[in-house]
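Notes for the structure review
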Amino acid sequence: MPTLATFNANNFFLRYRFTDRYSGATATSPSILSEAERAQLIGFLPGLAFGNYASTQYIVWDQGRRTLAAQALAEPDGVLPDILCLQEVENIHAIRVFNDDYLGGHYPYSLLIDAYDPRLIDVGLLSRFPITGVRSHIDDVDAGQRIFSRDCLEAQIELPDGETLHLLLNHLKSKYVRRRAGDTDAEYDARVLVSHNKRLRQAQAIADYIDERFENRQTSALYAVVGDFNDTPLSPWLAPLMSTPRLTDVLARHRPLDDRWTYYWRSEGRVSQIDYVLASRALRARIDARVAADAAHTPHIERQGLGYREISGATGLILPSTVRLRHFEADGVTPVPANVPPEVRLDFRFGRYPAVMADWHDNISDHCPVKVWF
């Protein structure tokens, strides 16, 4: 019974240690120390290890976070997912180091294609099953502009039963827009609208592509659109994906309305669903069958690694005690959909891993892994 998971690893960077030689240098390679000194570079810089993973040559950003993430990804049955889709990873080497150093080398196959995000955060894949086909969409354009800054990475996975699972890994445009000093409301709202429209173009492009890609096979093809969509299910900016009859949000299908949230916005004290596994009809049928056979295989959201704001000095309890669940995030430019469920307060003092309880900074991410059985 294969399993599939998606997880935003939150700034999973490698940092190459600048010494007098670059990683993999030979005895005849030129020194780079003087070049680094001229640029006043100290310590660790972004970079690639080119297959040389000696720990003296790089560091893993937030090592404690990666250790906890490995624990969370194995929940709730103690088994790592067979296929792991990741967002916010710097390069293919970060994925391989994560696998080798934190996941016990569980995955023999890995995939990531560097895209155009200025923060160098990409989407990637680890798999126990062979990756038999790959297509990148980083250079897809609409009206002369690239649609995906972080790729819509398409991978074909050969399953043990001989069938092929097609995955489209995504990390859609963020909703965050920094307000500049001196911005009027109109100027700020205009930039927010640009951001929203980019996410809408991405959602539409994916929906159009699956129509074309799986034409005449919509009832039989096993495929899923997965990842961090950076918006809530009712958002009109995700409507092309969320409303197509080709896809089903498996969290919405199998979990109660107020128990689908995957993301914690600490500064706002809010939670919402922005991480998704959208399954094709054939894949949905397999997931449904697993849930029907064993309720323990209901799509899982792992929250024990999630941080919080602080510990109360008076009671020693987690603060905040409750958080606001938002099914839709209003702003100055987004039309409010009809019949939005009301905001509710959720208990936020659920169990965490001991390391998180000792220090809330030691958390896996502001996102929760989502795992499905099929």
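You'll find the structure just up there.
Quick look at empty space enclosed by the protein
Per the counting criterion, the structure on display carries 1 cavity of 30 Å³ or more. In this structure, the largest cavity encloses a volume near 40 Å³. Forming the boundary of the largest cavity are Ala 5, Ala 72, Leu 73, Glu 75, Pro 81, His 300, Glu 302, Pro 369, Val 370 and Lys 371. Among the secondary structure elements, those contributing two or more residues to the lining of the largest cavity are helix H2 (63-73) and strand S23 (370-373).

Side note on the pattern of salt bridges
On inspection of all chains with the given rule, the structure shows 23 salt bridges. A single salt-bridge network, built from bridges that share partners, covers Glu 268, Arg 270, Arg 326, Glu 329 and Glu 343.

Remarks on the nonpolar core
Ranked by internal contacts, the top residues of the largest apolar core, which has 70 residues, are Ile 83, Leu 84, Phe 98 and Leu 167. Examining the composition of this core, we find that 6 residues originate from one element, helix H3 (residues 92-102), more than from any other.

Re the environment of Val 372
Along the chain, Val 372 falls in strand S23. Linking Val 372 and Pro 81, residues 291 residues apart in sequence, is a C-alpha distance of 8.5 Å.

Focus on the packing of aromatic side chains
Throughout the structure, instances matching the rule amount to 8 aromatic pairs. For the pair Phe 229 and Tyr 276, a centre-to-centre distance of 4.6 Å together with 20° between the ring planes defines the contact as stacked. One end of the pair, Phe 229, is in the loop between strand S13 (222-228) and helix H5 (239-242); the other, Tyr 276, is in strand S17 (residues 275-279), with 47 residues separating them in the sequence. Accessibility classification places Phe 229 together with Tyr 276 in one group, the buried group. Among the aromatic residues, those joined into a cluster by ring pairs are Trp 261, Tyr 264, Phe 348 and Phe 350. A cation sits over an aromatic face here: Arg 303 above Trp 261, 4.1 Å from the ring centre. Directly above the ring of Phe 348 sits Arg 352, whose terminal nitrogen or CZ lies 4.5 Å from the centroid.

Topic: helix H4 (residues 185-213)
With 29 residues, H4 should reach 42 Å at 1.5 Å per residue; the first-to-last C-alpha distance of 42 Å fits that figure. Buried within H4 we find Val 192, Ser 195, His 196, Arg 199, Gln 202, Ala 203, Ile 206, Ala 207, Tyr 209 and Ile 210. Where the residues of H4 are buried, they touch strand S8 (131-135), strand S11 (152-158), strand S12 (164-171), S13 and H5.

Thresholds, definitions, all that
Residues numbered from 1 in each chain as written. Predicted model: local features only at pLDDT ≥ 70, side-chain atom pairs only at ≥ 80, totals over all residues. Heavy atoms only, no water. 1 Å grid on protein atoms, 1.4 Å probe; cavity = no way out; pocket = protein on both sides within 12 Å on 5 of 7 lines; lining within 4 Å. Points joined across faces, edges and corners; volume = space filled by probe spheres on them. Helix = DSSP H or I, 4+ residues; strand = E, 2+ residues; numbered from the N terminus. Salt bridge = Lys/Arg side-chain N within 4 Å of Asp/Glu carboxyl O. Core = buried A, V, L, I, M, F, W, Y, C linked by side-chain atoms within 4.5 Å. Buried < 20%, exposed > 50% of the residue type's maximum accessible area, 1.4 Å probe, protein only. Phe/Tyr/Trp six-rings, centres within 6.5 Å; stacked < 30°, edge-to-face > 60°. Lys NZ or Arg CZ within 6 Å of the ring centre and 35° of its normal. Expected span 1.5 Å × (residues − 1). Contact = heavy atoms within 4.5 Å.

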